[in-house]
Amino acid sequence: MAKKYTCPYCFKEHEFEDVEFRCVNGFCSEKTQDEKYAQYLGLKKESMPLTNATFCAKTVLPKLFRGRYMPMWENCPFCETKTSIRVCPDCHNELPEGIQDNEDMIIAIVGSRDTGKTHFISVLINELQKRICPTVFNGIFNPMNDAVHNHYMDHFYNRVYIQKQLQDLTATANQRGEISVRKPLIYEMIIPLDDKGKRVRKFTFVFYDTAGEDLKSEAVMKTVNRYICKAAGIIFLLDPLQIMELRNNMDEDEIKTSSSILENEIVSQEMVLQRIANVIREDKGMKKSQKINVPTAIAFSKFDVLKRFFPKGSIVLEPSSYLREGQLDKSEWFTVSNEIEAMLNEWGAGGFATQVKMTFDRYTYSAVSALGQRPILSKSGGAKEIASQPMPHRVEDPFLWLLKENRVIKEK
């Protein structure tokens with residue numbers, strides 16, 4: 001049976017032999033306005049700059065290898081320059097280098113407006129790169145290419161870690177067009193399976209940061225958030241300041257520094273969850289009564305304003321020790337999840353907890369703080385800032401649980 005791959009941009013599935021190449025010679029005589037890439041971006045062909053042409057693979061693999069291996073390189077038919085830049089035949093985005101070998105894993109990070117998705121992604125990726133992968137797994141976590149690295153540094157890392165500014169609310173698809181909305185962060189994780197590193201497992205992770213506003217309409221979700229339907233795991237961020245029973249027990253200063261939306265702008269979290277479930281069920285041809293088998297981590301964001309509501313001695317107040325010898329500590333995540341689920345009922349949000357239980361077959365709860373501190377208002381009283389570099393609290397927990405559910409790591 002022929003092997004297949006899924007494009008991490010347009011999510012179309014193709015056989016290995018169904019791939020195109022893009023010429024890398026800047027002096028190639030053949031230049032074109034890429035119509036397929038324009039369609040992917042939601043633009044007209046006429047608005048696209050001239051770029052090097054794309055072309056189908058001409059090399060015929062030996063019969064034994066056909067359908068099992070993807071062509072690695074091809075000569076440009078116009079200038080004869082050898083290229084290894086492979087692109088999706090449907091959307092003409094560059095494919096990850098290891099797409100034929102790696103295990104693809106789309107992680108959908110969703111949540112309504114102002115739940116802190118951008119900060120969460122900024123800090124999670126940094127933690128995976130600098131701490132978790134090298135020190136716990138003896139592995140690496142690298143961006144797919146320079147474009148991904150630059151996108152992360154410019155729009156995520158520098159603003160949070162260098163400038164210490166709070167990210168603006170993510171613009172919606174209508175506000176910024178689908179160009180930015182469809183720009184994922186694609187990373188490769190390589191984990192050694194033996195001490196010498198001769199045997200490894202390779203994974204391609206795809207992260208998206210889309211606006212919470214785009215979850216307010218099922219029609220928008222079906223186009224902009226299609227990645228949710230292909231996800232190997234979902235992280236649903238839940239803002240404590242958007243649960244009225246909690247918000248009513250917070251003082252004005254806590255609300256002013258930790259929330260960017262007014263009380264009348266709060267969206268029902270049950271409705272957001274229902275829209276996500278409806279889109280997934282429709283895509284998979286499921287009945288409304290069927291539970292969704294995609295592992296889903298419900299994570300309370302902004303834990304720095306939430307921790308005083310937990311009783312002393314709660315494990316969730318302590319730094320995460322989920323990983324012990326590279327394995328997930330079953331006892332700890334089970335206790336943390338139960339603590340948070342119980343608190344939801346105590347806070348008057350039992351309806352949300354019930355909906356989670358009736359919607360997902362596999363789920364867990366966690367509480368995270370990407371920044372590890374409450375923001376402060378600038379001296380001018382306008383933009384919000386953070387006093388120091390992020391000091392994350394349990395930001396990796398939901399991601400590690402998804403790795404366990406996808407059998408990347410074990411539990412004990």
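Above this note sits the structure.
Residues numbered from 1 in each chain as written. Predicted model: local features only at pLDDT ≥ 70, side-chain atom pairs only at ≥ 80, totals over all residues. Heavy atoms only, no water.

**Things to note about the packing of helix α9 (residues 330-346) against helix α10 (residues 350-359)**
The contact between α9 and α10 brings their axes to 7 Å, and the two run at 135°. By the criterion of interaxial angle, the relationship of α9 to α10 is oblique. Across the interface between the two elements, Glu 341, Leu 344 and Asn 345 of α9 pack against Gly 350, Phe 352, Ala 353 and Lys 357 of α10. When the residues that make up the contact of α9 with α10 are grouped by side-chain class, the tally is three nonpolar, two polar and two charged. (Axes fitted to C-alpha atoms, helices over the stretch in contact; angles between N-to-C directions. Helix = DSSP H or I, 4+ residues; strand = E, 2+ residues; numbered from the N terminus. Parallel < 35°, antiparallel > 145°, perpendicular 65-115°, else oblique. Contact = heavy atoms within 4.5 Å. Nonpolar A, V, L, I, M, F, W, Y, C, P; charged D, E, K, R; others polar.)

**Details of the side chain of Thr 115**
For Thr 115, the position within the fold is in the loop between β10 (103-110) and α2 (117-136). Look at Thr 115 and you get buried, because its relative accessible area is 1%. Within the structure, Thr 115 has its side chain in polar contact with the backbone oxygen of Ser 112 (distance 3.0 Å). Residues within four places of Thr 115 in sequence aside, it is in contact with Leu 237, Asp 239, Gln 242, Ser 301 and Lys 302. (Buried < 20%, exposed > 50% of the residue type's maximum accessible area, 1.4 Å probe, protein only. Polar contact = N/O pair within 3.5 Å; in protein donor to acceptor, adjacent residues only side chain to side chain.)

**A closer look at the sheet that holds β10**
Spatially, seven strands are ordered β11-β12-β13-β10-β14-β15-β18 in an open sheet, and the strand pairing comes out mixed. At either end of the open sheet lies a strand with only one pairing partner, and these are β11 (140-143) and β18 (363-367). Mean inter-strand twist for the sheet, computed between neighbouring axes without regard to direction, equals 25°. Pairing between β10 and strand β13 (residues 200-207): five bridges, direction parallel. Residue pairing in the sheet places Glu 103 in a bridge with Phe 203 of β13. (Pairing = 2+ DSSP bridges.)

**Quick notes on the packing of aromatic side chains**
Per the counting criterion, the structure on display carries 20 aromatic pairs. Measuring from ring centre to ring centre gives 6.4 Å for Tyr 5 and Phe 16, while their planes differ by 45°; the resulting arrangement is tilted. With a gap of 11 residues between them, Tyr 5 in strand β1 (residues 4-6) and Phe 16 in the loop between β2 (13-15) and β3 (20-22) connect regions that are remote in the sequence. Their ring planes at 90° and their centres at 5.6 Å tell us that Phe 300 and Trp 347 sit as a pair that is edge-to-face. Pair noted here: Phe 300 is in strand β15 (residues 296-300) and Trp 347 is in the loop between α9 and α10, with a separation of 47 residues, a long-range link. Each of the two residues, Phe 300 as well as Trp 347, counts as buried. Taken together, Phe 141, Tyr 152, Phe 156, Tyr 157, Tyr 161, Tyr 187, Phe 203, Phe 205, Phe 207 and Phe 399 form an aromatic cluster joined through their ring pairs. The ring of Trp 73 carries Lys 82 above its face, with NZ or CZ at 4.3 Å from the centroid. (Phe/Tyr/Trp six-rings, centres within 6.5 Å; stacked < 30°, edge-to-face > 60°. Lys NZ or Arg CZ within 6 Å of the ring centre and 35° of its normal.)

**Focus on the side chain of Arg 247**
Note on placement: Arg 247 falls in helix α6 (residues 244-247). Within the buried core, Arg 247 has no salt-bridge partner, and the shortest N-O distance to an opposite charge, that of Glu 263, equals 4.5 Å. Contacts of Arg 247, omitting those with residues within four sequence positions, involve Pro 240, Leu 241, Ile 255, Ser 259, Ile 261, Leu 262, Glu 263 and Ile 266. (Lys, Arg positive; Asp, Glu negative; His and termini not counted. Salt bridge = Lys/Arg side-chain N within 4 Å of Asp/Glu carboxyl O.)

**Some words on the nonpolar core**
Grouped together as the largest cluster of nonpolar side chains are 112 residues, with contacts concentrated most on Phe 205, Phe 207 and Leu 344. Apart from the residues lying within four places of it in its own chain, the contact partners of Phe 205 are Met 105, Ile 107, Phe 141, Leu 185, Ile 186, Tyr 187, Met 189, Phe 399 and Leu 403. (Core = buried A, V, L, I, M, F, W, Y, C linked by side-chain atoms within 4.5 Å.)

**Quick word on the sheet that holds strand β9 (residues 86-87)**
Sheets are built from strands that pair by backbone hydrogen bonding, the pairs being arranged parallel or antiparallel. Read from one edge to the other, the open sheet built from three strands follows the order β6-β3-β9, with strand pairing classed as antiparallel. Of all the strands in the sheet, the pair left with one neighbour each is β6 (54-56) and β9.

**A word on the pairing of β13**
Side chains on a regular strand alternate between the two faces of the sheet. The sheet contact formed by strand β12 (residues 185-192) and β13 spans eight bridges and is antiparallel. The residue bridging Ile 191 from the neighbouring strand is Arg 201, located in β13.

**Focus: the packing of helix α8 (residues 269-284) against α10**
In the contact formed by α8 and α10, the axes pass within 10 Å of each other and the chain directions differ by 10°. In terms of orientation, α8 lies roughly parallel with respect to α10. Within the contact between the two elements, α8 uses Gln 269, Glu 270, Leu 273, Gln 274, Ala 277 and Arg 281 and α10 uses Gly 351, Phe 352, Gln 355, Val 356, Met 358 and Thr 359. In the contact of α8 with α10, the residues fall into five nonpolar, five polar and two charged.

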